[in-house]
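Tertiary structure, described
Spelled out from the first residue to the last, the chains are:
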Amino acid sequence: MEIEEKIKYAFRDKKLLRRAFTLSSFDKDFNNQTLEFFGDAILEFIVSERIFDRDSSEGKLTDRRKAMVSDRALTPVSKKLGLDKYLIKDSGDTKNKKAVPSVYEALVAAIYLDGGIFEAKKFVLSTLDFSVLPETRNYKGELQERLAKSHPPLRYRTFDVGNPQRPEWRAEIEVCGKVYTGRSTNKKQAEQNAACEALKHIG
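Read on for a plain summary of the structure. None of the values given here were measured: they were computed from a predicted structure.

Another point: the overall build of the protein chain. Regarding its fold elements, the protein chain presents 9 helices and 3 strands. Element order for the protein chain, N to C, with α for helix and β for strand: α-α-α-α-α-α-α-α-β-β-β-α. The C-alpha atoms of the protein chain give 21 Å as radius of gyration, which overshoots the globular expectation for 203 residues (17 Å, by more than 25%). Based on the C-alpha atoms only, the size of the protein chain along its principal axes is roughly 65 × 35 × 25 Å. In the protein chain, buried positions account for 40% of the 203 residues. Sequence separation of at least 24 residues holds for 54% of the intrachain contacts in the protein chain that already meet a minimum separation of 6. Looking at the protein chain as shown, the accessible area adds up to about 12,000 Å², and 50% of this sits on carbon and sulfur atoms. The centroid of the 37 positive side-chain charges in the protein chain is displaced by 4 Å from the centroid of its 31 negative side-chain charges.

What follows is the structure in C-alpha cells.
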C-alpha cells in the first residue's frame, strides 16, 4: 500500500492500519480513539528514553518531552508524512484539527501492536526531530552579561561523549578559575546547561 511505503513499515494486520486512520465520525465502533490513547503513552516512553539525560533536571526533561509530543509538534510531522491525506472520516468532518496529530499517535500504537516495540521505536526515531527544544532562558547570555565588566568573552568547550544509539554532549565553561559542566543530547543545550550551573554558583 502507498501509505506503507511512506511510513516505511508493512503491516501484517491491515485492519490495524485501517483502524489507525479511521475517525469516530466515520465509524463509532471501529476507530482510532483507543489506539490514539495507547500511542500517546508509547510515544512518551520512546521520547523519554531517547532524551533521557542523567545530569539534566526532571523539569527540563519534561519540558522537552512536552515540546516534542504536543499537537503543535506532531501536526507538521503528520503532514510531512502525508498522514492527513489518508484519514477515513465523515464528509462533514472538516474542522477536526486534533485528528492530524492524533493519527500519528494512533499509528505508533498500531505499529507497536503489529510489529512490537522495536518497529515502533524505529518509526518514531526516524520521523521525529529530536533537535526540538522548548523555549527556555538564555543562560549563556545571562552569564556573559553578568560577567561582562570583569571577565573576557566566555569560551565553551564541547565534547561528543555519546554514540549513534545514544547521542550525548558535554560542555565545559571556566568562570573565575572554576570549571562548570553541562550535559545534554544536544550540543547547544549542553552549553546552556553549563552556563546554568555557573550562574547557580556565582550568585
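In this section: the state of the cysteines. Enumeration according to the criterion identifies 0 disulfides in this entry. Counting only cysteine sulfurs, Cys-196 is the nearest neighbor of Cys-176, a cysteine outside any disulfide, at a range of 17 Å. Looking at Cys-176, the relative accessible area reads 63%, which means it is exposed. Accessibility expressed as a relative area gives 8% for Cys-196, which makes it buried.

Take helix α8 (residues 139–147) next. Considered for burial, the residues of α8 that qualify are Tyr-139, Leu-143 and Leu-147. On an axial view of α8, the arc spanned by its buried residues comes to 55°, and they lie on one face. Lining the buried residues of α8 we find β2 (169–175) and α9 (187–202).

Further remarks concern the environment of Arg-64. Residue position: Arg-64 is located in helix α4 (residues 58–69). Sequence spacing of Arg-64 and Ser-131 is 67 residues, and the spatial spacing of their C-alpha atoms is 9.8 Å.

This next bit is on the sheet that holds β2. As a general point, the strands of a sheet are linked pairwise by backbone hydrogen bonds and lie either parallel or antiparallel. In spatial order, the strands read β1-β2-β3; together these 3 strands make up an open sheet with antiparallel pairing. The open sheet has two edge strands with one neighbour each: β1 (157–160) and β3 (178–184). Shown here is a sheet whose adjacent strand axes are inclined to one another by a mean of 20°, direction ignored. Bridge analysis of β1 against β2 gives 4 bridges, and the strand direction is antiparallel. Considered in β2, the bridge of Thr-158 is made with Ala-171. α9 contacts β1, β2 and β3 of the sheet and is inclined by roughly 140° relative to β3.

Contact pair helix α3 (residues 33–51) / helix α7 (residues 117–127): the axes reach a minimum separation of 10 Å and the direction vectors enclose 70°. On the basis of their axis angle, the class for α3 and α7 is roughly perpendicular. Judged by residue contacts, Ile-42, Leu-43, Phe-45, Ile-46, Glu-49 and Arg-50 of α3 engage Ile-117, Ala-120, Lys-121, Val-124 and Leu-125 from α7. Per-class residue counts for the contact of α3 with α7 are 8 nonpolar, no polar and 3 charged.

Rules of the game
Residues numbered from 1 in each chain as written. Predicted model: local features only at pLDDT ≥ 70, side-chain atom pairs only at ≥ 80, totals over all residues. Heavy atoms only, no water. Helix = DSSP H or I, 4+ residues; strand = E, 2+ residues; numbered from the N terminus. Rg over C-alpha atoms; globule rule 2.2 N^0.38 Å. Buried < 20%, exposed > 50% of the residue type's maximum accessible area, 1.4 Å probe, protein only. Contact = heavy atoms within 4.5 Å. Areas by Shrake-Rupley, 256 points an atom, 1.4 Å probe, with all protein chains shown as cover. Lys, Arg positive; Asp, Glu negative; His and termini not counted. Charge placed at Lys NZ, Arg CZ, Asp CG, Glu CD. Disulfide = S-S within 2.5 Å. Arc of directions from axis to C-beta. Pairing = 2+ DSSP bridges. Axes fitted to C-alpha atoms, helices over the stretch in contact; angles between N-to-C directions. Parallel < 35°, antiparallel > 145°, perpendicular 65-115°, else oblique. Nonpolar A, V, L, I, M, F, W, Y, C, P; charged D, E, K, R; others polar.

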